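Structure assessment
What follows is the residue order along each chain.
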Amino acid sequence: MQISQSNTRLKGAMPMTTPSDSALRITEQFAQAYGRELAQAAQPTAAVALRAAATAARALLAERWAQTQAQDAVRDSVPGAAHPVRRVHYLSMEFLMGRALTNALAALGLEPELSRLLAAQGQQLGNVLEREPDAALGNGGLGRLAACFLDSFAELGLPSFGYGLRYQYGMFAQAIQDGRQVEAPDDWMRLGQPWEVARAELRYPVGFGGRVTVDEAGQRHWQPAEQLEAQAFDFIVPAHHSERVSTLRQWHATAAAPIDFKAFCAGDYAGAARHRVAADALNWVLYPDDSSEAGRELRLKQEAFLVSASLQDVIARHLREAGSLDGLATLGLANAIHLNDTHPALAPAELMRLLLDEHGLGWDEAWKITRQAVSYTNHTLMPEALETWSLSLFEALLPRHLEIIYEINARFLAEVKAKFPGDDALLARVSLIDEGRNGGERRVRMAALAIVASHRVNGVAALHSELMVQTIFADYAAIFPGRFHNVTNGVTPRRWLQQANPQLSTLLDARIGKGWRQDLALLRSLTPAASDAAFRQQFQAVKLANKQGLADLIRREIGVQVDPSSLFDVQIKRIHEYKRQLLNILHVVARYQAIIANPDAAWVPRTVIIAGKAASAYVMAKSIIQLAHDVARVVNSDPRIGDKLKLVYLPNYGVSLAEVIIPAADLSEQISTAGTEASGTGNMKFALNGALTIGTWDGANIEMAEAMGEENMFVFGLRTEAVAQIKALGYDPRLYMEQSAQLRRVIESIAGGEFSSGDAGRYRALTEMLLNRDNYLLMADFAAYVDKQLEVDALYAQPEAWAAKAVLNVAGMGDFSSDRTIAEYVDRVWSVASLG
Ligand SMILES: *Cc1c(COP(=O)(O)O)cnc(C)c1O
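Residues numbered from 1 in each chain as written. Predicted model: local features only at pLDDT ≥ 70, side-chain atom pairs only at ≥ 80, totals over all residues. Heavy atoms only, no water.

Looking at an unreviewed UniProt entry, one finds the protein chain named Alpha-1,4 glucan phosphorylase, with Roseateles oligotrophus as its source organism. Among the UniProt annotations of the protein chain, the heading Sequence similarities (unreviewed entry) holds the following wording: "Belongs to the glycogen phosphorylase family." You can read under Cofactor (unreviewed entry) in the UniProt record for the protein chain the words "pyridoxal 5'-phosphate". (UniProt positions renumbered as here; feature names shortened; annotations may be inferred.)

Note on placement: histidine 455 falls in the loop between helix H18 (446-453) and strand S17 (456-459). A distance of 2.9 Å separates a polar atom in the side chain of histidine 455 from the backbone oxygen of arginine 371. A distance of 2.8 Å separates the side chain of histidine 455 from the backbone oxygen of valine 829, its partner in a polar contact. With near-sequence residues (within four places) excluded, histidine 455 lies in contact with Arg371, Gln372, Ala373, Val374, Ser375, Arg483, Val829, Ser834 and Leu835. (Helix = DSSP H or I, 4+ residues; strand = E, 2+ residues; numbered from the N terminus. Polar contact = N/O pair within 3.5 Å; in protein donor to acceptor, adjacent residues only side chain to side chain. Contact = heavy atoms within 4.5 Å.)

Counting buried residues along strand S10 (residues 226-238), eleven of its 13 residues qualify, which places the element largely inside the surrounding structure. Alignment of S10 against strand S11 (residues 245-255), held across eleven bridges, turns out to be antiparallel. Note that in S11 the partner of valine 237 across the bridge is serine 246. Following S10, the chain reverses through six residues before pairing antiparallel with S11. (Buried < 20%, exposed > 50% of the residue type's maximum accessible area, 1.4 Å probe, protein only. Pairing = 2+ DSSP bridges.)

Time to look at the site of the ligand. Lys573, Lys579, Thr681, Gly682 and Lys685 are the nearest of the 14 residues found near the ligand. At 2.7 Å, a side-chain N or O of lysine 579 approaches an oxygen atom of the ligand. Glycine 682 is positioned such that a nitrogen or oxygen atom in its backbone is 3.0 Å from an oxygen atom of the ligand. Out of a free accessible area of 380 Å², the ligand has 95% covered by protein chains. Sorting the residues of the shell around the ligand by element identifies helix H7 (141-155) and helix H27 (682-688) as the ones contributing at least two each. Per-class residue counts for the shell around the ligand are four nonpolar, six polar and four charged. (Near = heavy atom within 4 Å. Areas by Shrake-Rupley, 256 points an atom, 1.4 Å probe, with all protein chains shown as cover. Nonpolar A, V, L, I, M, F, W, Y, C, P; charged D, E, K, R; others polar.)

A few words on the nonpolar core. Within the largest apolar cluster, 276 residues are counted, with the highest numbers of intra-cluster contacts made by Trp251, Phe305, Phe394, Phe412 and Trp830. Top element by residues in this core is helix H3 (residues 46-73). It accounts for twelve residues. (Core = buried A, V, L, I, M, F, W, Y, C linked by side-chain atoms within 4.5 Å.)

For the rest of this paragraph, the subject is the side chain of glutamine 571. Positionally, glutamine 571 belongs in strand S19 (residues 567-572). Within the structure, glutamine 571 has its side chain in polar contact with the side chain of asparagine 584 (distance 2.9 Å). Excluding residues within four positions of it along the chain, glutamine 571 makes contact with Lys579, Arg580, Gln581, Asn584, Ile609, Ile610, Ala611, Glu669 and Ile671.

Pairing is mixed across the open sheet formed by nine strands, whose spatial order is S7-S10-S11-S4-S1-S12-S13-S17-S18. Of all the strands in the sheet, the pair left with one neighbour each is strand S7 (197-208) and strand S18 (484-486). The sheet shows a mean angle of 25° between the axes of neighbouring strands, direction not considered. Of the strand pairs in this sheet, S17 and S18 are connected by three bridges, and their pairing is parallel. (Axes fitted to C-alpha atoms, helices over the stretch in contact; angles between N-to-C directions.)

This is the structure we're talking about:
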């Protein structure tokens, strides 16, 4: 693989700074920053120490950043390279980065040094690290994937940028009041943002609205009604085994003319600041749900803003490096532009506009460059989640882009017509414009634009990629055979094993060496350790210590005592019907009732732990959260139950909470309806930390089972084909209740108000949904799930056998590093060879 060879070379060209050098420098930087912070704060606190530590670490990373940019600027002249090394630009509306200091210290190798420096100021490193707010500029898996990818970009030495928006408020903070979710703004920058580097010189104009005019030469010109400026803020992402870095560049909007001076002088202050307020609105908030209707116009503006600023930046950098305007011809060869889902799918239209209107290229050349540059990852099969925009909104905000999309569409449809003559239904299905034939309004289909303009489209796990070309994108796959690929997701072992689970890391280091951090496939050599009793005992001791830590956190956060020796059964992820947290709760109720009915049986004590946020407008998901709290209250306070069963709901799920919970899990719940979870990455983090999975044959669960051996996973439930079949035959959820007295008792107790203090109305909508629609087949999978949970108990009752399987889970996870994922992207999606 061309690029990784070049990267090895890049890394080799830059020896690591010696530890004593950087220890000296961080001492110096920290002393200066601490002095400055203290002068402002007047008294030493953990927050002061945190800002000083972050500032010091950033100063060291900034040196690596400058070195990396200098190397990348001349990457085309790498001697012996058959192709130019392409720079990757990863466009994403979400980056769920979490905390940065632990990662930076690990990358710099300076944790011991900083710990010492802090101790001298009377501060404990652990306390200081805990102070850092999560950068939660993402909703869930898609945003966390982008964050893992940045880590791997740096680690692999890939010339790269992540591009996103600098939201003032990230994912909302979740609190629970009376068992209900309440949302509060996540003001993550209120204590300052010591990590970011404001790039005052990097500004680009971004327009909205207005109209398109044509000059005598026939050249079209867009005259936007509103002009904003995008300003860059950089966050440096370090490699852990070289001095390479990647960059997350986030855009902040300001008004091009911040105040209207005329209005100001006339005393109209609100009018004078109008532009400013409009610009600010763009920066405000990460949308808590990409399917919510609220603020659609603002959301489209955010997407257009991200795309335009990022592409102008790519072009400016390329022209600088290419040295001349003719250099544009090689833009697509030298640069990959990747769309993380369709949120940045406007990119091909904007790139065409910039090349045609701003740089004077002809259509054919501009289109060739665009297709070379652009590629797209699909993240969901649910047709209702495919992004579309009403034509009227689009035309009002982006009139020139709409013209370009029409032209792309006309040429595309002509191609399809030539290839499949006479198939008008096909033309209507694949058109970039939904004509709204059934009385709906006309809309732009963003996925269609992304597919037509990309040279590669990929799904995120084998099953998902297969279903993608069989279902939602079947027509496009027929038109563009060879365009569709699979690249299975992965997670970074630096954050999700090394940093989240230091004790297990130490144990692994002693057994198989330290190389797994860079080459996760080395975990395979752990396999024999599964049959080594001494190792299993150490492995279990680490797990118990992590569980003790989580038990402490549970007590601190919600005041519930849990027994660390009980089976920790964990489901943490966005709350969504397809992820089936409700199925988990139904099982808890069933178990509760079974324990009461048979209190003297040898129950394996279990602590069920749930965490996750629901989109603020998602009523059913919020009802599921409330039910979890109602069931928890009843179960946890029932003296007949004691430690045999506990249910805890930890509020405000995010990266940092996941880093504590995952290493402490015995059982990982990955129970989505087969065919609905594109990949999942939570599933990977758990197995990597030695939890066993109870899961459906869905997403990456399948590849995990294949890698570790299906006998090491608790697989249950209907598979994709069976789900489709049941639905085709006319699914009747009530049938399952009639066949199972256990399921009937569970549903009736919820419907009858047994968990809601007699309030039978509270869960009517929920139980009615289960009995009448049950779109995600909870009722059909209930019996198999409960049976499988009994198998889980039986294995947990044999600690040696359980530990052996847990070790084999870790040993089987070598393929699921995001380093492997990124190497595959480079190979199949971003390489010059992939351009065909
Ligand atoms: C990994 C991760 C996710 C994705 O979890 P899934 O179980 O794959 O849905 C979501 N949120 C956070 C904070 C994560 O770390």
